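One-letter residues, chain by chain:
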Amino acid sequence: MPDLKPLSFYGQDSFCSGYFAGRILMMIASKEKEIMLMKQMKDGNVASKQQENRETGFRHYMRDHFPEVVIHELNLPLDEKREKYNSILELFFTEHPQVHHCITFNSKAHIVGEFLLRSNRRNVQIMGYDMVEKNAECVKQGSISFLIAQHAYMQGYSCLETLFQAIVLKKEVNPVNYMPIELLTKENVEFYRRTQL
């Protein structure tokens, strides 16, 4: 939210993160002709500017390297019940049997991941963001292929340290601090649960 003129920002470069997501997804989906982009929207908008910028980066990557791939958007309305999501997803995969790879730019990849496990669709995977417990479980079970994460503990720690530096020590702080774009898989997701720096 650049209009707020924050003291300091800690987070990923969202555009680069989306571009990176496209590169990683297409390493495993390079032969695909169609993919699915899952969004959760409310009143026609995605929940955050960050998600919007990630999608922009992703679409730039796809336009630059895979312009022939059809991207099917699937909207799961933010305020719907889980049962409704199941029927929306069932209809989507019935109508699009060629889709084997999906992506989302929020922390809700597990909605699709859990559906894939319940419906025994082992030939479809989703890629998403954020190391939340439900996403981690789907990574372990194989329905989420990758998670892109920005280490939340390190992010929070750095924010508090910056506040201390600025307010208590009266030091000048960097206004923009980009966090690493980290890729989690079944093999390393357990090691990501650090509790200290």
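Here we summarise the structure given alongside this text. (Residues numbered from 1 in each chain as written. Predicted model: local features only at pLDDT ≥ 70, side-chain atom pairs only at ≥ 80, totals over all residues. Heavy atoms only, no water.)

**Quick look at helix α6 (residues 152-168)**
Logical step 1: With 17 residues, α6 extends 24 Å from end C-alpha to end C-alpha; this agrees with the ideal 24 Å at 1.5 Å per step.
Logical step 2: Taken together, the buried positions of α6 are Gln 155, Ser 158, Thr 162 and Ala 166. Across the axial projection of α6, the buried residues extend over an arc of 65 degrees, all falling on one side. Facing away from the buried side of α6 by over 90 degrees, the exposed positions are Leu 160, Ile 167 and Val 168. (Helix = DSSP H or I, 4+ residues; strand = E, 2+ residues; numbered from the N terminus. Expected span 1.5 Å × (residues − 1). Buried < 20%, exposed > 50% of the residue type's maximum accessible area, 1.4 Å probe, protein only. Arc of directions from axis to C-beta.)

**Some remarks on the pattern of salt bridges**
Logical step 1: A full pass over the atoms with the stated rule returns ten salt bridges.
Logical step 2: Here Glu 55 and Arg 59 are joined by a salt bridge, their closest N and O atoms 2.8 Å apart. Taken as a pair, Glu 55 and Arg 59 lie in helix α2 (residues 49-65) at a separation of four residues, close to a single helical turn.
Logical step 3: If you follow the salt bridges from partner to partner, you end up with Lys 39, Glu 55, Arg 59 and Glu 73 in one network. (Salt bridge = Lys/Arg side-chain N within 4 Å of Asp/Glu carboxyl O.)

**What to know about the environment of Thr 104**
Logical step 1: Among the secondary structure elements, Thr 104 is positioned in strand β6 (residues 101-104).
Logical step 2: On the basis of relative accessibility, which here comes to 0%, the residue Thr 104 falls in the buried class.
Logical step 3: Counting along the chain gives 68 residues from Thr 104 to Met 36, while the straight-line C-alpha distance between them is 8.6 Å.
Logical step 4: Each residue touching Thr 104, except ones within four places of it in the same chain, is listed here: Leu 37, Met 38, Ala 109, Ile 126, Met 127, Gly 128 and Tyr 129.
Logical step 5: For Thr 104, the side chain forms a polar contact with the main-chain oxygen of Met 38, separated by 2.9 Å. (Contact = heavy atoms within 4.5 Å. Polar contact = N/O pair within 3.5 Å; in protein donor to acceptor, adjacent residues only side chain to side chain.)

**Quick word on the packing of helix α4 (residues 109-118) against helix α5 (residues 133-141)**
Logical step 1: Two elements in contact, α4 and α5, have axes whose closest approach is 9 Å; the angle formed by their N-to-C orientations is 40 degrees. It follows that α4 is oblique to α5 by the angle criterion. In this structure, the crossing between α4 and α5 has a hand that is left-handed. Contact residues: α4 offers Ala 109, His 110, Gly 113, Glu 114 and Leu 117, while α5 offers Lys 134, Asn 135, Cys 138 and Gln 141.
Logical step 2: Residues of the contact of α4 with α5, tallied by class, amount to three nonpolar, four polar and two charged. (Axes fitted to C-alpha atoms, helices over the stretch in contact; angles between N-to-C directions. Parallel < 35°, antiparallel > 145°, perpendicular 65-115°, else oblique. Left-handed = near helix turned anticlockwise from the far one by under 90°. Nonpolar A, V, L, I, M, F, W, Y, C, P; charged D, E, K, R; others polar.)

**Some details on the packing of aromatic side chains**
Logical step 1: Across all of its chains, the model carries eight aromatic pairs by this definition.
Logical step 2: Each ring, one from Phe 92 and one from Phe 93, has its centre 5.2 Å from the other, and the planes form 90 degrees; the classification is edge-to-face. Across the pair, exposure class does not vary: Phe 92 and Phe 93 are buried alike.
Logical step 3: Centre to centre, the rings of Phe 105 and Tyr 129 are 6.0 Å apart; their planes meet at 50 degrees, and the pair counts as tilted. Note that Phe 105 is positioned in the loop between β6 and α4 and Tyr 129 in strand β7 (residues 125-129), a separation of 24 residues in sequence. Residues Phe 105 and Tyr 129 agree in their burial class; the two are buried. (Phe/Tyr/Trp six-rings, centres within 6.5 Å; stacked < 30°, edge-to-face > 60°.)

**Things to note about the environment of Ala 109**
Logical step 1: Tracing the backbone shows Ala 109 in helix α4.
Logical step 2: When near neighbours in sequence (up to four residues on either side) are disregarded, Ala 109 contacts Thr 104, Ile 126, Gly 128, Asn 135 and Ile 144.

**A short note on the pairing of β6**
Logical step 1: Where burial is concerned, the two faces of β6 agree: the one with His 101 and Ile 103 and the one with Cys 102 and Thr 104 are both buried.
Logical step 2: Summarising the sheet, strand β2 (residues 34-39) and β6 pair through three bridges and their orientation is parallel. Residue pairing for β6: Met 36 is matched across the bridge by Cys 102.
Logical step 3: Across three bridges, β6 lies against β7 in parallel orientation. For Ile 103, the partnering residue across the bridge sits in β7 and is Met 127.
Logical step 4: Where the polypeptide runs from β6 across α4 and back to β7, its parallel neighbour, the crossover connection is right-handed. (Pairing = 2+ DSSP bridges. Right-handed = clockwise from strand over helix to strand, strands pointing away.)

On their own, these measurements won't tell you what the molecule is for.
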